[in-house]
Structure formats: C-alpha cells, structure tokens
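Working through the structure, step by step
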Amino acid sequence: MGDLISGISVGIMHLPQGMAYALLASIPPVFGLYTSLYPVLIYFIFGTSRHISIGTFAVISIMIGSVTEKLAPDTDFKILNGTNATGSVDIDARDAYRVQIAIAITVLGGLFHILLGLVRFGFVVTYLSEPLVRGYTTGAACHVTISQLKYLFGIRPSRFSGPLSQIYILVDICTLLPQTNIGELVVSLVALAVLIVVKELNACYSKKLPLPIPIELIVIIMATIISYYTKLNSNYNIDVVGEIPNGLKAPRVPNVNLFSEVIGDAFAVAIVGYAINISLGKTFALKHGYKVDSNQELVALGLSNTIGGFFQCYCVTSSLSRSLIQESTGCKTQVAGVVSSIIVLITVLKIGSLFEDLPKAVLATIVFVNLKGMFKQFLDVPMLWKSNKVDLLVWLVTYTCTVLLNLDLGLAVSIGFSMLTVIFRTQLPRYSILGQVPGTELYLDKDTYEEAKEIPGITIFRSSTTVYYTNAELYLEALQEKSGIEMGKLLTEKKKQVAKQKRQQEKEKKKAKKEAKKQRDLEESEKNQCNELNVGELSPRMKAQSQENGVAITLTETPTNEQVKGQVNWAYQHDASTSDSDSERGCHGDDDTTQTPRNGDADKGTTSGSGTHSIILDLATTSFVDTVTVKTLKNIFRDFGEIDVDIYLAHCQACVVEQLERAGFFSESIPKTRLFSTIHDAVLHILKKRGLTDMTTYDYVLDISCITKM
C-alpha cells in the first residue's frame, strides 16, 4: 500500500517536471515524458536502491541543453525570406536535430556507465567530494535560472557559448527587459506565487497531511484550461508547449556520427549523473539500513540510459525532490517507480495532447520553485567557514568555475583543483613529537596533551599522513627540526674531526717512521764500530773501554727501542680503536643487546648535541611506501647513525613491511631488529639495551584518575 501511494504521488510529480526539464534540455516537452517512463522501468529491474526516483533532473537537463544549443543553434535553421533577407527558424528541423544530439549523449553516457561498472570502477565517484558536488550543483542551478528567464519575461536573448557565456546572456537579458511580454510576465508571477505559497504550506503541515498537495499538477491543469479558453497564444502572444503527439515512438538507433562530437560532454554527464545518483542512494540506504552496490548502480544507470536512448529518452539520474516524496510517503521498494511509470504511460497515450495550450512560462516557474533546495546550498558557505576552510575553498572554486567557465570545463577545473588540495594536504602534514602519558602505554602529541612527557634521550616522531615522494624531503627536514638535531652541521663537524684525526695519525706515523729510521742508522753505525774494534789488535785497556762503551750503548739503546715501540704501537692502537668504534656505532645490528653495556654507552648520543641517543619513527599513518620513501628512510638510518643516534621503526602496517622487504630495505646495516609492533615495545628495548631495565628514571606510578588535558 505504501508503494502504491508513493508511486501515485511521484507519478503526478513526473508529469510537470518531465515537461519542464525537457525545456532545459532544449527539446520538446514530450521527450521529458518519455524520459520519465522507460528508464524508470529498467532501473526497477537492475537498481539496488529502494527509495530514489529515477527520471529527469535539472542539472543533467541543463548540461544536455548546453550541448544541444551549441551543436544546433537557431542560426543553422533559419528560413530566409527572399524579399527582405530575413526569415524565421525552422522549429521542427531544429528540434529533431537537437533530439538526435541528446540521444547520442545519452547512449554514449550509458555505455560509459556500463563499462565502468563491469570493470568495477564504482569508486571513481569518490574523487567528487561532497563540497565539490554541492558547489557544482549550485552553479548549475544558476545556469538553470538564467536559461529560464527568457520564458519568464517572454524575450529571446542571443545565444553565447564558451567561458563567461552566462555573464553575456545575463547582460543581454537586461538590455532586452524593455521588450518584456507583459502577458507572460503576469502568468509567470501568478504561477510562481501560487507554487511558493502551497509548497510552503506542504512543508509546514507535512506531518499532518497524508499526501502533499500536488500543486504543480494543479497549476498545470488550471493554466492549460485558462490558456485554452482565453486564447493566450493568439491574443497575447504567449508561448505555449505546442503539439504533443499521442502514443509512443518506435525505437531508433542513435546517430553514431555524433559520438565523436559529444564524447567529452557524454563522459561529464555520466560522471555527474552517477555522483548524484549514488550519493542519494547511499543516504537513503544508511537511513533505512540496507546496502547499495556502487558497481551495480553504475550498470543499472547505464542500462537505463542506453536502452532509454533507443526509445528517444535523454540522460536520467535521481531527483532529490521526487526521492524525498517517494521516501516520505511510505515507499518500501522500487514498485513505486512502476506505479509512477503507469501514470506517465496513461498520460502519454491518452491525455498528453490536452497540454498543448500549456504556457511555457508556467513550466519555467515550476523549474524555479524546484531549485529551492539547490539554492539553499549557499548556506554551506558559513558552515564550511567554521568547520573546514579547505572544503570551503573547494566549494567556492567549483561554484565560480561552473558559473564562469560553463558546466563541462568548470567540472574539469573543479576536479583538478580538488585533487590539488589533497596533494597539498599530504605534502604539508602535521609533524609532532610524542610523549608518554605517565603510568600508561599511551604516546601522544606533547604539544596537544599536557600530560604527555618526553622520555629523556628518546625522541618519538610522527607524521599525520603517508610519507611518499611529495613530502619525503619535508619529512626529513621536520625530523631534524623537531628533534633539535642539525644534521648538516653535525656531519660537517664530524668530518672535520675525522679529517683532523687522520692528519694526526699520519703525523704520528711519519714521526714513528723517522724515529725508526734514525734508530736503524744508529744501530748500523754501532755495529760498524764493533766490527772495527774486533778486527784490530786491542790492548786490555782498550777491551775494557770497549766493554764499558758496549754497556753504555746498551743502556742508551733500551729506552730508545722502548720509546719507538711505544709510539708505533700507540699509532696502530689508535687506528684499531677508531675502527672498532666505527663498526659499533651507526647502522649496526642489535644482536648484542643482551651484553652488559660499556661505560661509554652512557655517553653515546652526545655527538648529536641534543642529548638524544635514540629516535623512534611512528609509521602508523603510512599506508604505502614508494622508492623515494625507502631511500629517505635509508638515508635517515645512515646519517643519524654517523652521529651515534639509533633509529627504530614502530607501528608499521603489514603491507608496509612487505613493501619494505620487496624494496630491499632490510640488510645487515638495517636489521629487522629495528622494527617494533608498538612504540612501547621500542621504548622498552632501548631502555634495556642501555642498561636501564629497572626504569628507575622512567618508572611512573599508574594513576587511574589521571586526566589528559588538551
């Protein structure tokens, strides 16, 4: 019963909206009725949403209309008068060609939907953020308003295309205001007043009324009756709908020669239509507790457009106003859509011709009134100003580009700008140093949480977003800034120290070589003297003197040899100690962490100049790593290792670890022992390694009543 009542209500709305939105697409109103019939039946079979109402929609209609007017302008269908070189427009030929263009866009857009659905590309709509969609639809509402002003005032402005075309059209309308048809203006104002008053009453008494008053249908019927009996068309030159043929048209193959001219517009229409459809579908699904399949929705919408195109329908999507009525009147399934289609079918077959005297100004006022929801989206501006200024910027840029650059180019620029905001947000994230909340295993931002205390000697660094090629260099710079370690300066100083040590060692070696050479020369001279003494005949006195000299030589020789050996051994010992220390610091493994730490370990890390001996990189926010990230992490391990600061990784996701392994990140210099599942595990490991397992310095008493203040 709920579906029946809902279907009747929505079917009554389909009639005026179908004809009115067909005018937006610059095609005869009867094609709007066709569009409210066939696609609805197809979506009933293939769609997954239970509450949305498929059919004509203002934004899609104006996008179709911009293309049809661009490819089939009035100037191409003028019938010249031979006497004064003037003529009228061949309306029938123009409308027939515009219908072909609309059908080509519809079929091609439907094929895009089906193709994207089959390859499960439903996530493409995620690139259209909510501020972008709302800003775009608001800008499209401005296009709709400007396009309907000519019916409101009964004037015929010139057609403009390209950027700033809406500004030119608005200026032209203002210049033509003195030529306003008073009859059409009066009809428009009366219809507009009635529609606004009754719609406000519907909104105020929505809970008390079993069904909303179908004021749009009532206005159409009354306007048609008044127009028929007062001859508004002939007496006051008021433009009316014209001929509406009874019955359905036979299916036709679209003009494929037009595909190349409308392919870009068809893709834009397909994306916007799907974005509106899936956003409304997910909203109602979340409210009523069921699931909408995004890929199946692509296929369903594609089939509705493709098959509908063969029956001379133009692009469809869900309508917000009709969907709200369908949901609020008790709709449970898409059977309501079938009921509404039956009402449209009866109208097309039997009573469609009765609306031939309906003034187009009345249809324009129906369009105006139904734009209320879109214009209320201007209230997003103050809300976004308070909540998120980046989203506000996306909304404003999208709206401005849509109004000034037209619907197709405005959409492309808006998507590009939205992508840039995402890049800038990831390129300029928030970097923070974490501290431990006393008595817990929580590590929070020190600048945000007052209770978070940094552990002496250990720096815990976190980025608010994934580290990849656009922000890898900034990540390294922020790490140095937050940790207080000036890497370039420290590395330069260390290189100077190493160079100075090498020069000192070379001097010592040269000095030792000189002393050794001098000693060898002295030994050779002494041996020569001994040989000369042994060859000659010596007196006892000379032998005694020789023995005394030998003792003297021996006494002077011993300290000299000891001194030389001490200098040479000191130099090599210095080399050995330097080599050992170099092998133990920097990017070394943690396999010896169970050994008793040396006394020198307590002072390790003073080279950094900040008292930091260990840095933990929290990679919890990193969802992937690229080659630039891997290279940056390797450089961090190498550079900080050279200044005696150990680097550890924590909170790495499994997929990130796999990517690091495939990239060859782990090696002997960067073992997996530097990888920990939590920050607390890494902290305990560092404290144990440095002989602080008792945690006398870092032990905190657990306080259940501890409150973390922001």
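Because the structure is a prediction, the values reported are computed rather than measured.

It is worth spelling out the overall build of the protein chain at this point. Along the protein chain, the regular secondary structure elements total 25 helices and 10 strands. Residues counted as buried form 46% of the 710 residues belonging to the protein chain. Of all intrachain contacts in the protein chain linking residues separated by at least 6 positions in sequence, the fraction that spans at least 24 positions is 82%. Carbon together with sulfur atoms contributes 60% to the accessible area of the protein chain, which is approximately 36,000 Å² in total.

Here the focus is the sheet that holds strand β9 (residues 646-650). Judged by pairing direction, the sheet is mixed, and its six strands sit side by side in the order β6-β5-β7-β8-β9-β10 without closing on themselves. The outermost strands of the open sheet, each flanked by one partner alone, are β6 (443-445) and β10 (675-676). Relative to β6, strand β5 (residues 431-436) runs antiparallel, the two being bridged by three bridges. For Gly 435, the partnering residue across the bridge sits in β6 and is Leu 444.

A separate point is the environment of Glu 327. Structurally, Glu 327 can be placed in helix α13 (residues 320-328). With 324 residues separating them along the chain, Glu 327 and Asp 3 place their C-alpha atoms 9.4 Å apart. Setting aside residues up to four positions removed in sequence, Glu 327 forms contacts with His 51, Phe 284, Lys 287 and His 288. Polar contacts involving the side chain of Glu 327 include one to the side chain of His 288, which spans 2.9 Å.

Bringing the packing of aromatic side chains into the picture now. Throughout the structure, instances matching the rule amount to 18 aromatic pairs. Between the aromatic rings of Tyr 468 and Tyr 469, the centroid separation amounts to 5.3 Å while the plane-to-plane angle is 85 degrees, which identifies the pairing as edge-to-face. Given a relative accessible area of 12%, Tyr 468 falls into the buried group. Judged by centre distance (5.9 Å) and plane angle (55 degrees), the ring pair of Tyr 468 and Phe 624 falls under tilted. With a gap of 156 residues between them, Tyr 468 in the loop between β7 (458-463) and α20 (472-483) and Phe 624 in the loop between β8 (614-618) and α23 (627-642) connect regions that are remote in the sequence. The exposure class assigned to Phe 624 is partly exposed, which follows from its relative accessible area of 34%. Taken together, the aromatic side chains of Phe 375, Phe 378, Trp 395 and Tyr 399 make up a single cluster linked through ring pairs. Sitting above the plane of the Trp 385 ring, Lys 389 keeps its charged end 4.5 Å from the centroid.

Their axes nearest at 9 Å, the elements helix α3 (residues 38-46) and helix α14 (residues 335-351) cross at an angle of 160 degrees. If you check the angle between α3 and α14, you find them roughly antiparallel. At the point where α3 passes α14, the crossing takes the left-handed sense. On α14, the residues touching Val 40, Leu 41 and Phe 44 of α3 are Val 335, Gly 337, Val 338, Ser 340 and Ser 341. Taken together, the residues of the contact of α3 with α14 break down into five nonpolar, three polar and no charged.

Considering every residue of the protein chain, the mean pLDDT works out to 83; 85% of them sit at 70 or more. α3 holds the highest mean pLDDT among the elements of the protein chain, 95, whereas helix α22 (residues 540-584) holds the lowest, 40. The low-confidence segment residues 546-589, where pLDDT is below 50, has 41 contacts with residues more than four positions distant or belonging to other chains. Low pLDDT, under 50, characterises residues 591-606; the stretch is placed with 20 contacts to residues that sit more than four places away or in other chains.

So, on to helix α7 (residues 165-176). For α7, with 12 residues, the first-to-last C-alpha span of 16 Å sits near the 16 Å given by 1.5 Å per residue. Among the residues of α7, those classed as buried are Ser 165, Gln 166, Ile 169, Asp 172, Ile 173 and Leu 176. Looking down the long axis of α7, one finds its buried residues gathered within 125 degrees of arc, a one-sided arrangement. Contact partners of the buried residues in α7: α6 (130-153) and α18 (389-405).

Core analysis: the largest hydrophobic core is formed by 101 residues, its most contacted members being Met 63, Ile 64, Ile 105 and Leu 363. Contacts of Ile 105, omitting those with residues within four sequence positions, involve Ile 64, Val 67, Val 262, Ala 266, Val 269 and Cys 315. Counting residues in hydrophobic clusters, the runner-up holds 30 residues, among them Leu 490, Ile 643, Phe 665 and Ile 670.

A rise of 1.5 Å per residue sets the reference length of α20, with its 12 residues, at 16 Å; its end C-alpha atoms lie 17 Å apart and thus fit the reference within 8%. Those residues of α20 that fall on the buried side of the exposure criterion are Ala 472, Tyr 475, Ala 478, Leu 479 and Ser 483. Burial along α20 is one-sided: seen end-on, the buried residues are contained in an arc of 115 degrees. Exposed and facing more than 90 degrees away from the buried side of α20 are Glu 473 and Glu 481. Buried-residue contacts for α20 involve β5, β7, β8 and α23.

All right, on to the pattern of salt bridges then. Where charged atoms from two side chains of opposite charge approach closely, those side chains can pair. Inspection of every chain in the model, using the stated rule, returns 17 salt bridges. Across the pair Arg 638 and Asp 639 runs a salt bridge, and its minimum N-O distance is 2.9 Å. Here Asp 646 and Arg 674 are joined by a salt bridge, their closest N and O atoms 4.0 Å apart. Remark: Arg 674 occurs in the loop between α24 (654-662) and β10 and Asp 646 occurs in strand β9; sequence separation between them is 28 residues. On the basis of relative accessible area, Asp 646 is assigned to the buried category, the value being 2%. Bridged by salt links that share partners, the residues Asp 74, Arg 94, Asp 95 and Arg 98 form one connected network.

How each quantity is defined
Residues numbered from 1 in each chain as written. Predicted model: local features only at pLDDT ≥ 70, side-chain atom pairs only at ≥ 80, totals over all residues. Heavy atoms only, no water. Helix = DSSP H or I, 4+ residues; strand = E, 2+ residues; numbered from the N terminus. Buried < 20%, exposed > 50% of the residue type's maximum accessible area, 1.4 Å probe, protein only. Contact = heavy atoms within 4.5 Å. Areas by Shrake-Rupley, 256 points an atom, 1.4 Å probe, with all protein chains shown as cover. Pairing = 2+ DSSP bridges. Polar contact = N/O pair within 3.5 Å; in protein donor to acceptor, adjacent residues only side chain to side chain. Phe/Tyr/Trp six-rings, centres within 6.5 Å; stacked < 30°, edge-to-face > 60°. Lys NZ or Arg CZ within 6 Å of the ring centre and 35° of its normal. Axes fitted to C-alpha atoms, helices over the stretch in contact; angles between N-to-C directions. Parallel < 35°, antiparallel > 145°, perpendicular 65-115°, else oblique. Left-handed = near helix turned anticlockwise from the far one by under 90°. Nonpolar A, V, L, I, M, F, W, Y, C, P; charged D, E, K, R; others polar. pLDDT = per-residue confidence, 0-100. Expected span 1.5 Å × (residues − 1). Arc of directions from axis to C-beta. Core = buried A, V, L, I, M, F, W, Y, C linked by side-chain atoms within 4.5 Å. Salt bridge = Lys/Arg side-chain N within 4 Å of Asp/Glu carboxyl O.

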